[in-house]
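# Examining the three-dimensional arrangement
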Amino acid sequence: MGFSDDLLALIPNLRRYAQVLARDRELADELVQVCLERAWSRRHLFRLRPGGSLKAWVFTILQNSFINEMKRGYRRYERGVEMLPESPSPDNQLSRLALNDVAIAFEKLGDAHRMVLSLIVLEGCSYEEAAKILDVPKGTVMSRLSRAREALHKVVENPDERRVRRVK
């Protein structure tokens, strides 16, 4: 596979991560488009990095694009609660309630925890790749991941705290 094929294969992952960052589908799509354009126009720079991870390189471009948009004061960043992108829909109601609880808890996490959880769990990045993308030490990635998982486990392990409405 060539560079273009490898880049195209990453588009679903980029869209998912952009939605986690932006919490807005339109902005996420714009970020992915900017990211792909930058990656394509700078592909010669990646080739100068033998043994580098294309995934880490492209995700770093995406994250930097997001940061640049926020610095410009992109006001659509005002967030509403949006479900996890492209989440599967379980068959029974209890599973749906549990998934909804996890999605709400995920949205309540801080940006740093949400980003690291998304990179490791949803995108399958290694700790090293996530550290490169986030520009933090590997230990920081591991620590943030642990705290994020702990916060989500509290929701899953305490089903009595769910708000269930009865409809008559």
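Residues numbered from 1 in each chain as written. Predicted model: local features only at pLDDT ≥ 70, side-chain atom pairs only at ≥ 80, totals over all residues. Heavy atoms only, no water.

### Topic: the overall build of the chain
This is how it is decided: Note on conventions: DSSP H or I runs of at least 4 residues are helices, E runs of at least 2 residues are strands, and numbering of each starts at the N terminus. Buried residues are those whose accessible area, probed at 1.4 Å on protein chains only, stays under 20% of the maximum for their type, while exposed residues exceed 50% and partly exposed ones sit between those limits. Whether two residues are in contact is decided by their heavy atoms, any of which lying within 4.5 Å being enough.
Within the chain, the regular secondary structure consists of nine helices and zero strands. Counting from the amino terminus, the chain carries its helices and strands in the arrangement α-α-α-α-α-α-α-α-α. Burial status across the chain gives 37% buried among its 168 residues. Partitioning the intrachain contacts of the chain with sequence separation of at least 6 by distance along the chain shows that 68% fall at a separation of at least 24.

### Some details on unusual backbone geometry
Positive phi, close to 60°, is recorded for Arg 23, a residue that is not glycine. Along the chain, Arg 23 turns up in the loop between helix H2 (11-22) and helix H3 (25-41). Although it is not a glycine, Asp 135 sits at a positive phi angle of roughly 60°. Mapping Asp 135 onto the fold places it in the loop between helix H8 (127-134) and helix H9 (138-157).

### A few points about helix H7 (residues 111-122)
Selection criterion: Expected span of a helix, by definition, is 1.5 Å for each gap between consecutive residues, and there is one gap fewer than residues.
In this model H7 runs 15 Å from its N-terminal to its C-terminal C-alpha over 12 residues, within 8% of the 16 Å that 1.5 Å per residue would give. For H7, every residue scored as buried is listed here: Arg 114, Met 115, Val 116, Leu 117, Ser 118, Leu 119 and Ile 120. Once H7 ends, the next one or two residues include Gly 124, with phi positive near 70°.

### Let's talk about the nonpolar core
Put simply, the rule reads: We call a set of buried Ala, Val, Leu, Ile, Met, Phe, Trp, Tyr and Cys residues a nonpolar core when their side-chain atoms join them within 4.5 Å.
In this structure, Leu 14 and Val 58 are the most contacted members of the largest nonpolar core, which totals 43 residues. Secondary structure elements with two or more residues in this core: helix H1 (3-9), H2, H3, helix H5 (54-71), helix H6 (93-108), H7, H8 and H9. For this core, the leading source of residues is H5, giving eight residues. Beyond its immediate stretch of four places on either side in the chain, Val 58 contacts Leu 7, Leu 10, Leu 14, Cys 35 and Ala 39.

### What about the pattern of salt bridges?
In a structure, side chains of opposite charge can pair up when their charged atoms sit close to one another. Quick note on the threshold: Whenever a carboxyl oxygen of Asp or Glu lies within 4 Å of a side-chain nitrogen of Lys or Arg, that contact is scored as a salt bridge.
Scanning all chains against the criterion turns up five salt bridges. Between Arg 16 and Glu 123 there is a salt bridge, with its nearest N and O atoms 2.8 Å apart. Of this pair, Arg 16 sits in helix H2 while Glu 123 sits in the loop between H7 and H8, and the two are 107 residues apart along the sequence. Residue class for Glu 123 comes out buried when judged on its relative accessible area of 3%.

### What about the packing of aromatic side chains?
Here the distance between the centres and the angle between the planes together describe a pair of aromatic rings. Selection rule: A pair of Phe, Tyr and Trp rings is counted when the ring centres sit within 6.5 Å of each other, with Trp represented by its six-membered ring. The angle between the planes then sorts it: under 30 degrees is stacked, over 60 is edge-to-face, the rest tilted.
In total, this model carries five aromatic pairs according to the counting rule given. Summarising the aromatic geometry, the rings of Phe 3 and Trp 57 are spaced 6.4 Å apart at their centres and angled 65° between planes, so their arrangement reads as edge-to-face. Here Trp 57 lies in helix H5 and Phe 3 lies in helix H1, a separation of 54 residues in the sequence. Both residues of the pair, Phe 3 and Trp 57, count as buried. Taken together, a centroid distance of 5.3 Å and an interplanar angle of 40° make the contact between Phe 46 and Trp 57 tilted.

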